[in-house]
Amino acid sequence: MSGRAGDRAAAVVCLGFLLSVCPAFAGESIGHVLGDPVYREQVRAEDPQGRHDELHRLFTSAVMKRYRHEHRAELTPTDAELDAARAFFAEQHEKRMVEQRPRLMMELQVLETRLTDEGLSEQQHGRFESQRAAIELRLEPPGDAIAPFVLSQWKWQNYLHKNYGGGRVLLQQFGPEAFDAMREWLEQRERAGDFQITDTELRDAFYAYWTTKDHGSFLSDDPARVQMLLTPYWLQGDEAENEDVP
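Residues numbered from 1 in each chain as written. Predicted model: local features only at pLDDT ≥ 70, side-chain atom pairs only at ≥ 80, totals over all residues. Heavy atoms only, no water.

1. Description of unusual backbone geometry
Peptide bonds are mostly trans, and most non-glycine residues show a negative phi. Short version of the rule: Helix and strand labels come from DSSP, where a helix needs a run of H or I of at least four residues and a strand needs a run of E of at least two; each type is numbered from the N terminus.
The phi dihedral of Leu 34 is positive, around 50°, even though this residue is not glycine. Position of Leu 34 relative to the elements: it lies in the loop between strand 1 (29-33) and strand 2 (36-39).

2. Some details on the pairing of strand 1
Applicable threshold: Only strands that DSSP links by at least two bridges are regarded as paired with each other.
Sheet analysis places strand 1 next to strand 2, joined by 4 bridges and oriented antiparallel. Following the sheet pairing, His 32 is matched in strand 2 by Pro 37. Here strand 1 folds back onto strand 2, and the loop between the two strands holds 2 residues, one of which, Leu 34, carries a positive phi near 50°. Summarising the sheet, strand 1 and strand 5 (residues 195-197) pair through 3 bridges and their orientation is antiparallel. When the sheet's bridge partners are listed, His 32 is paired in strand 5 with Gln 196.

3. Quick look at the pattern of salt bridges
Cut-off, in case you're wondering: For this document, the term salt bridge refers to a Lys or Arg side-chain nitrogen within 4 Å of an Asp or Glu carboxyl oxygen. Burial classes follow relative accessibility: with a 1.4 Å probe on protein chains only, a residue under 20% of its type's maximum area counts as buried, one over 50% as exposed, and anything between as partly exposed.
All told, the structure shown has 19 salt bridges when counted by the stated rule. A salt bridge links Arg 101 to Glu 94, with the shortest nitrogen-to-oxygen separation between them at 3.7 Å. Of the residues examined, Glu 94 reaches a relative accessible area of 39% and is grouped as partly exposed. Ionic pairing is found between Glu 187 and Arg 183, a salt bridge with its closest N-O pair at 3.1 Å. Of this pair, Glu 187 and Arg 183 both sit in helix 8 (residues 179-191), 4 residues apart, roughly one helical turn. Put simply, Arg 66, Glu 70, Arg 189 and Asp 194 are held in one network by salt bridges that share partners.

4. Describing the packing of aromatic side chains
Operational definition: Only Phe, Tyr and Trp rings take part, Trp by its six-membered ring, and two of them pair if their centres are within 6.5 Å. Stacked means planes under 30 degrees apart, edge-to-face means over 60, and tilted covers everything else.
All chains considered together, the criterion is met by 14 aromatic pairs. Taking 6.3 Å as the distance between ring centres and 55° as the angle between the ring planes, the aromatic pair formed by Phe 59 and Phe 195 counts as tilted. Of this pair, Phe 59 sits in helix 2 (residues 48-59) while Phe 195 sits in strand 5, and the two are 136 residues apart along the sequence. Neither residue differs from the other here; Phe 59 and Phe 195 are each classed as buried.

Right, dumping it as structure tokens:
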């Protein structure tokens, strides 16, 4: 090994040693998660929403993954639940297609014709291909993947609401969110030592979603509406069809 290469190798070994025995060398610690330090440099956003997302990526994701694995028996959808959800999604898809299929087929035919034009630029061809793929996707019934995803989220939110104090529910794009219960779960995980944010400003930003953000009428404390939101809409009957849910 040449002298220069040897010097580089020694520097790498030295840096690794410093990072292992002296975490401060890696940057300013802002807390820890599951025993591992988190550094300020890992928060890769400055705007409020981006910083909130980064903090939850850093401090919540691993804690939630471990917790949900530990409680997987209660949180995993059953075969019967999945079958009911798949049947509902397929039925709703066919109802939508009665009205939408003729128009979508016409749009698809126009795109197919455009794609035969040899004068298309690479950019135009790519755009038309993307539009065709999007229409073909809408024509297809929902795949098996959507039911496990939706049901897993629903069971998780119900579990939180039942076990962490109930409270208000927030209607989100992909279903209901146990708003107050989620905050209580986070605070309990924090008290248990699963994570800690030692920077007070960043800790305030971490909880700002619950403390300062205005969620308007999508956030409800009405018991009847809370119960309705936490019940999968394919189990609610015809009265759920006009409800503003995903």
